[in-house]
Amino acid sequence: QVQLVESGGGLVQPGGSLRLSCAASIAFVTTYMMGWYRQAPGKQREMVAQLTIAGIINYSDSVKGRFTISRDSAENTLYLQMNNLKPEDTAVYYCYADVYSETEPDGSYDVWGQGTQVTVSS
């Protein structure tokens, strides 16, 4: 089955950088969109960055100018480069894919990774 595996999380000081990776078991051409979401304790999961198969990118206002989403189609890997990290970026970060399906009524289904912890603290 479709699997997404995140890596690259960890502890970093404010102003530091991390790069998250999401290894997918499927090719990007089988997805409508892939993205990164995050959830902090006691808060709802929120969108961080999205990348559609057509190359359209959306960022949360809170990360614009600091985070960059990209993909390596040859390795079926999605990345999130996070620069100038702030304590409010602390959360579990999840990789997401909207996967094409001819059997689903809406033409696709959701796949989530297991999450990787990012902690920004001095």
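Reference entry: report on the structure contained in this document. Every residue gets a number counted from 1 within its own chain, in the order that chain's sequence is written. Confidence filtering applies because this is a predicted model: local features only for residues at pLDDT of at least 70, side-chain atom pairs given and counted only at 80 or more, and all residues used for totals across whole chains, interfaces and linings. In computing side-chain properties, one takes all heavy atoms of the structure into account and sets aside hydrogens as well as water.

### Topic: the pairing of strand β11 (residues 116–120)
Thought 1: Summary of the burial criterion: residues with accessible area below 20% of their type's maximum are buried, those above 50% are exposed, and those between are partly exposed, where the area comes from a 1.4 Å probe applied to protein chains only. Numbering goes from the N terminus for both helices and strands, where a helix is a DSSP run of H or I of at least four residues and a strand is a run of E of at least two. Burial along β11 is one-sided: the residues T116, V118 and V120 are buried and none of Q117 and T119 is.
Thought 2: Strand pairing is assigned whenever DSSP identifies at least 2 bridges connecting the two strands. Bridge count between strand β2 (residues 10–12) and β11: 3 bridges; the pairing is parallel. Bridge pairing links G10 to V118 in β11.
Thought 3: Pairing analysis gives 3 bridges linking strand β9 (residues 91–100) to β11, with the strands arranged antiparallel. Pairing of V92 across the sheet is with Q117, part of β11.

### Regarding the environment of T77
Thought 1: Within the secondary structure, T77 sits in strand β8 (residues 77–82).
Thought 2: C-alpha of T77 to C-alpha of E6: the two residues are 71 residues apart in sequence and 9.5 Å apart in space.
Thought 3: Setting aside its immediate chain neighbours within four residues, T77 contacts S21, C22, A23, F28, S70, R71 and D72. In what follows, a contact means two residues having at least one pair of non-hydrogen atoms within 4.5 Å.

### Overview of the nonpolar core
Thought 1: Among buried residues, those of type Ala, Val, Leu, Ile, Met, Phe, Trp, Tyr and Cys that are joined through side-chain atoms within 4.5 Å constitute a nonpolar core. With 30 residues, the main nonpolar core has M34, W36, L78, L80, M82 and Y93 as its most contacted residues.
Thought 2: Of all the secondary structure elements, the ones that give two or more residues to this core are β3 (18–24), β4 (31–39), β5 (46–52), β7 (67–72), β8, β9 and β11.
Thought 3: Here this core takes 5 residues from β9, the largest share from any one element.
Thought 4: Among all residues touching L80, those that are not within four sequence positions of it are L18, R19, L20, W36, V48, A49, F67, T68, I69 and Y93.

So yeah, pure geometry; function would need other evidence.
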